[in-house]
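# Overview (structure and organization)
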Amino acid sequence: MMITEENLKGISCFVATVECGSFSAAAGRLNLTGSAVSKSVARLESRLGSRLLDRTTRRMALTDAGQAYYDTCQRILSELSETEAMLAAQRRIPAGRLHIALPQTFGRKEAMPLLNRFASANPELRLTLAFSDRFLDLFDEGVDLAVRIGGPLDYPQTLSSMLLGMEKRAFFAAPDYLERHPPVRSVEDLPSHRAIVYQLADGSHKAWRIVQENGQAVDRPAPWRMAVGDGEAQLSAVKAGLGVAQMATWLTREAEAAGELVRLLPERVVEGLPLMLVWPRKKTLTPKMEALLAAMQALRIE
C-alpha cells in the first residue's frame, strides 16, 4: 500500500488524540480544528476497516485494535524521529572535499602541523593542498580557502577575509659570521655587511626595512651578496654564515632557539606582511567550512 500525505495526517491525528485524551486537545496540539481531527481519525478507521477508539460523551478509550495500531505508530514515529536526528547530525559532521591554497614556506612550516591535526580530527574530509607563493584566483582554481601572506587588507565583496596577524621582521646572522666580521651595534653598521636578500617574483629584491629613532619605518636597498627567491633557502644561507638577512621571525624561530642564529638590533624589529585567510563569500557556510575556519584561526604569526 502506498503511504500518502493523508495517511500520515490521519496517523498524527490519531496519535495526538490518544495522547491528549480528546479531539479538542489534539486539535490544539496540531493547530487544527476539533472537527478536522475527528474526521481525520474517522477516515483512518474507515481505511483500516477497524474501530480504533471507543467514544462516549464522558470518555475515550482505545479498542484492542486501536491499542495495537497505536503501539505500531509509536514505534514507527520513534524510529523516524531517531533517523531524522541521525541525518541532521550527519549534516553537521564536516565531510567532503576542501581545496586549500598555502604559501610555500609558511604553509609547510606553520600551517601543515595544524592541518594534519585537523585532518586527523575530521576523517570524513578529503583535503587538497596547493603550495604556491602566487595568489591563486579562488574561483578559477576552485579554492575553498587561501592562506595569504601579503596582499590587500580589503577584498572585493565576492570574497570574505580574516586578518590573523602581522609578520615581525628582524635582522639575523650566524654566530660564525659574527665572529669573522665587525659587530652590528646600529643600523649604520649594516651597509658594511654582506646581505642575503629575498628576491621577489618580478626579479626585484626586498629592501631592508629600518625603524628610525622617531619610530618611522623606511626602506633601504641592501648591498647584497646573494639573492634567493625562497624563504627556507635564505634561512639556510644565513645559517651557513654567508651574511646578514632581515627575515620573518616565524621563519627563524627554531634556528634562533637552537643557537644557529643571533638576532641583531632587537630594538629594530619591524612589522612585516599581513597573514590573511581568504575564501569565497557564501550566504551560509557549510559544516566543513565552519570547521576549517575555526581550526585555522589558531594559525597565528609572530
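Our subject is the structure that appears above.
First things first, this report covers the structure right here in the doc. In this convention, every chain numbers its residues from 1, walking through the sequence in written order. Since the coordinates come from a predicted model, pLDDT governs what is reported: local features require at least 70, and pairs of side-chain atoms require 80 or more to be given and counted, while whole-chain, interface and lining totals use all residues. Excluded from the side-chain calculations are hydrogens and water; all other atoms, namely the structure's heavy atoms, are used.

### Description of the overall build of the protein chain
- A tally of helices and strands in the protein chain yields nine helices and 13 strands.
- Throughout, the radius of gyration refers to the C-alpha atoms, and the reference size of a globule is 2.2 Å times the residue count to the power 0.38. Scaling as 2.2 N^0.38, a compact globule of 302 residues should have a C-alpha radius of gyration of about 19 Å, whereas the protein chain reaches 34 Å, well beyond that.
- If one aligns the C-alpha atoms of the protein chain with their principal axes, the spans along those axes are about 110 × 35 × 35 Å.
- Accessible area is worked out with a 1.4 Å probe on protein chains only. A residue is then buried under 20% of its type maximum, exposed over 50%, and partly exposed in between. Going through the 302 residues of the protein chain one by one, you find that 38% of them count as buried.
- Note on definitions: a residue-residue contact is assigned when non-hydrogen atoms from the two residues lie within 4.5 Å. Long-range pairs, those at least 24 residues apart, make up 71% of the contacts in the protein chain between residues at least 6 apart in sequence.
- If you sum the accessible surface of the protein chain, you get close to 16,900 Å²; carbon and sulfur atoms cover 51% of it.
- A distance of 5 Å separates the average location of the 37 positive side-chain charges in the protein chain from that of its 35 negative side-chain charges. Every helix listed is a DSSP run of H or I at least four residues long, and every strand listed is a run of E at least two residues long, numbered separately from the N terminus. Note on areas: Shrake-Rupley, 1.4 Å probe, and residue coverage restricted to the protein chains presented here. In this tally, Asp and Glu contribute negative charge and Lys and Arg positive charge; neither His nor the terminal groups of the chain are included. Charged groups are reduced to one reference atom each: NZ for lysine, CZ for arginine, CG for aspartic acid, CD for glutamic acid.

### Focus: the side chain of Thr105
- Mapped onto the elements, Thr105 comes out in helix 5 (residues 104–121).
- Contact partners of Thr105, with chain neighbours within four places excluded, come to Asp230, Gly231, Glu232, Trp250 and Leu251.

### Focus on the pattern of salt bridges
- Throughout this description, the term salt bridge denotes a Lys or Arg side-chain nitrogen within 4 Å of a carboxyl oxygen of Asp or Glu. A full pass over the atoms with the stated rule returns 12 salt bridges.
- When the shortest N-O distance is used, the salt bridge between Lys239 and Glu260 registers 3.6 Å. Pair noted here: Lys239 is in helix 7 (residues 231–239) and Glu260 is in the loop between helix 8 (249–257) and strand 12 (262–264), with a separation of 21 residues, a long-range link.
- Classification of Lys239 by relative accessible area gives partly exposed; the value is 37%.
- A relative accessible area of 37% means that Glu260 is categorised as partly exposed.

### Quick word on the packing of helix 5 against helix 9 (residues 287–296)
- Running from amino to carboxyl end, helix 5 crosses helix 9 at an angle of 140 degrees, the nearest separation of the two axes being 10 Å. Classified by the angle between their axes, helix 5 and helix 9 sit oblique to one another. Where helix 5 crosses over helix 9, the two elements pack in a sense that is right-handed. Residues Leu114, Leu115 and Phe118 of helix 5 pack against Lys288, Ala291, Leu292, Ala295 and Met296 of helix 9.
- Tallied by class, residues from the contact of helix 5 with helix 9 come to seven nonpolar, no polar and one charged. Orientation is described by lines fitted to C-alpha atoms, with helices fitted over the stretch in contact, and by angles between N-to-C directions that extend from 0 to 180 degrees. To sort the angles, those under 35 degrees are grouped as roughly parallel, those over 145 as roughly antiparallel, those from 65 to 115 as roughly perpendicular, and the leftovers as oblique. It is the rotation of the near helix from the far one that decides the hand of a crossing: anticlockwise by less than a right angle makes it left-handed, clockwise makes it right-handed. In this count, Pro and Cys sit with the nonpolar residues alongside Ala, Val, Leu, Ile, Met, Phe, Trp and Tyr, while Asp, Glu, Lys and Arg are called charged and the others, Gly among them, polar.

### Quick word on the layout of surface pockets
- Each pocket or cavity is described by its volume, and for the largest pocket that value is around 740 Å³.
- When contributions to the lining of the largest pocket are tallied by element, the ones reaching two or more residues are strand 3 (96–102), helix 5, strand 5 (145–149), strand 6 (159–173), strand 7 (195–198), helix 7, strand 11 (245–248) and helix 8.
- Examining the composition of the lining of the largest pocket, we find that four residues originate from one element, strand 5, more than from any other.
- Looking at the lining of the largest pocket residue by residue, the class counts come to 21 nonpolar, six polar and seven charged.
- Note on definitions: the grid is 1 Å and covers protein atoms alone; a cavity is a set of points where a 1.4 Å probe fits but cannot get out; a pocket is an open set with protein on both sides within 12 Å along at least five of seven lines; lining residues have an atom within 4 Å of a point. Grid points are joined across faces, edges and corners, and a volume is the space filled by probe spheres set on the points. For the second largest pocket, the calculated volume is near 210 Å³.
- If you trace the second largest pocket, you find 10 residues lining it, with Leu8, Ile11, Cys73, Ile76 and Leu77 closest to the centre.
- Looking at the lining of the second largest pocket, the elements with two or more residues in it are helix 1 (5–20) and helix 4 (64–92).
- Of the residues belonging to the lining of the second largest pocket, the class tally is eight nonpolar, two polar and no charged.

### Notes on the pairing of strand 9 (residues 217–220)
- Strands qualify as paired when DSSP identifies two bridges or more between them. Pairing geometry for strand 8 (residues 208–211) and strand 9, over four bridges, is antiparallel. In the strand pairing of strand 9, Arg209 is matched with Asp219.
- Counting the residues that bridge the hairpin from strand 8 to strand 9 gives five residues, and of these Gly215 lies at a positive phi of roughly 90 degrees.

The quantities given are spatial measurements derived from coordinates; they are silent on function.
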